[in-house]
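One-letter residues, chain by chain:
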Amino acid sequence: MTARRSRPAAQPSAPAARLSYLVFRLERRIRARLDDALARHGVTTTEYMALSELRTRDGVSSAELARIAFVTPQAMNLVIRDLERRGLIRRDPHPDGGRTLCARLTPEGVAVLRRCDDSLDDIEAVMLEKVDDATHETLREGLTVCARALRPDAY
């Protein structure tokens, strides 16, 4: 008598990866490439973020930049001091007085920021090479909605 072979039970399909995990993986891969690219311009990722924020929010304080960058005020203060020492930003007294200083980009800071932006453009071009324009815009909108949902006071 020959033994009858039984078919293995069908394996249930693996669950789809969690969206938050995919975003985390993407962020880590972007960050690794960005760190390398920015280093060629003598800038760290935190410095680039601070310079980028100053382009859109001229005159913010070090404490405000720290909240935006998810770093401590002490850490951002070190970043701001270094950017100021290198001539990429300047700090002026707050118009309302007090001890708060408002950071502003210098022309050299704008030039460095443009070179860094070009590097980020290159990274995004590789990342989005196989993504059509409609999906690209949907992705941008969806990620913005998600970010606002988790931190509505930041927008």
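Residues numbered from 1 in each chain as written. Predicted model: local features only at pLDDT ≥ 70, side-chain atom pairs only at ≥ 80, totals over all residues. Heavy atoms only, no water.

Caption draft 1: Expanded view of the overall build of the protein chain. What the protein chain contains, in helices and strands, is 6 helices and 2 strands. Expected size for 155 residues packed as a compact globule is a radius of gyration near 15 Å; at 23 Å, the protein chain overshoots this value by more than 25%. Viewed in the frame of its principal axes, the protein chain has a C-alpha envelope of about 95 × 30 × 30 Å. Put simply, the protein chain has 155 residues, and 25% of those count as buried. Within the protein chain, contacts between residues separated by at least 24 positions form 46% of all contacts whose residues are at least 6 apart in sequence. (Helix = DSSP H or I, 4+ residues; strand = E, 2+ residues; numbered from the N terminus. Rg over C-alpha atoms; globule rule 2.2 N^0.38 Å. Buried < 20%, exposed > 50% of the residue type's maximum accessible area, 1.4 Å probe, protein only. Contact = heavy atoms within 4.5 Å.)

Caption draft 2: Just the nonpolar core, in detail. Within the largest apolar cluster, 25 residues are counted, with the highest numbers of intra-cluster contacts made by Tyr 48, Leu 51, Leu 54, Leu 65, Met 76, Leu 83 and Ile 89. Secondary structure elements with two or more residues in this core: α1 (19–39), α2 (45–56), α3 (62–69), α4 (73–85), β2 (101–105) and α5 (107–127). Looking at this core element by element, the count peaks at 5 residues for α5. (Core = buried A, V, L, I, M, F, W, Y, C linked by side-chain atoms within 4.5 Å.)

Caption draft 3: Main features of the UniProt feature "domain: HTH marR-type" (unreviewed entry) in the protein chain. According to UniProt, the positions carrying the feature "domain: HTH marR-type" (unreviewed entry) are residues 16–148. Span residues 16–148 is 68% helix and 8% strand, its end C-alpha atoms 24 Å apart. (UniProt positions renumbered as here; feature names shortened; annotations may be inferred.)

Caption draft 4: Here's a closer look at the confidence of the model for the protein chain. Taken as a whole, the protein chain shows an average pLDDT of 90; of its residues, 92% reach a score of 70 or greater. Within the protein chain, the lowest mean pLDDT, 88, falls on α3, and the highest, 97, falls on α5. (pLDDT = per-residue confidence, 0-100.)

Caption draft 5: A negative patch on the surface, seen in detail. Judged by side-chain charge, Asp 118, Asp 121, Asp 122 and Glu 124 come together as a negatively charged surface patch. Note that Asp 122 resides in helix α5. What makes Asp 122 exposed here is its relative accessible area of 53%. (Patch = residues over 30% accessible without salt bridge, like charges linked within 9 Å, V, L, I, M, F, W, Y side chains within 5 Å. Areas by Shrake-Rupley, 256 points an atom, 1.4 Å probe, with all protein chains shown as cover. Salt bridge = Lys/Arg side-chain N within 4 Å of Asp/Glu carboxyl O. Lys, Arg positive; Asp, Glu negative; His and termini not counted. Charge placed at Lys NZ, Arg CZ, Asp CG, Glu CD.)

Caption draft 6: Seen up close, the side chain of Thr 106. Along the chain, the position of Thr 106 falls in the loop between β2 and α5. When neighbours within four sequence positions are excluded, Thr 106 is seen to be in contact with Gly 87, Leu 88, Ile 89 and Arg 90.

Caption draft 7: Region of the structure containing helix α6 (residues 133–150). An ideal rise of 1.5 Å per residue puts 26 Å on 18 residues; α6 measures up with 26 Å between its terminal C-alpha atoms. Its side-chain oxygen at 3.1 Å from the backbone nitrogen of Ala 134, Asp 132 defines the N-terminal cap of α6. (Expected span 1.5 Å × (residues − 1). Polar contact = N/O pair within 3.5 Å; in protein donor to acceptor, adjacent residues only side chain to side chain.)

Caption draft 8: Here's a closer look at a nonpolar patch on the surface. Taken together, the side chains of Leu 19, Tyr 21, Leu 22, Val 23, Phe 24, Leu 139 and Leu 143 make up a nonpolar region of the molecular surface, amounting to roughly 660 Å² of accessible area. Of all elements in the fold, only α1 and α6 reach the threshold of two or more residues within the nonpolar patch. The biggest single contributor to the nonpolar patch is α1, with 5 residues. Tracing the chain through its elements places Phe 24 in helix α1.

Caption draft 9: Up close: the pattern of salt bridges. Per the counting criterion, the structure on display carries 13 salt bridges. Two residues, Arg 55 and Asp 117, come together in a salt bridge whose shortest N-O distance is 2.4 Å. Here Arg 55, found in helix α2, pairs with Asp 117, found in helix α5; they are 62 residues apart in sequence, far enough to count as distant. Assessed through its relative accessible area of 43%, Arg 55 is described here as partly exposed. Given the relative accessible area of 15%, Asp 117 is considered buried. One salt bridge connects Asp 82 with Arg 86, and the closest N-O pair in it is separated by 2.7 Å. Linked through salt bridges whose partners overlap, the residues forming this network are Glu 47, Asp 82, Arg 85 and Arg 86.

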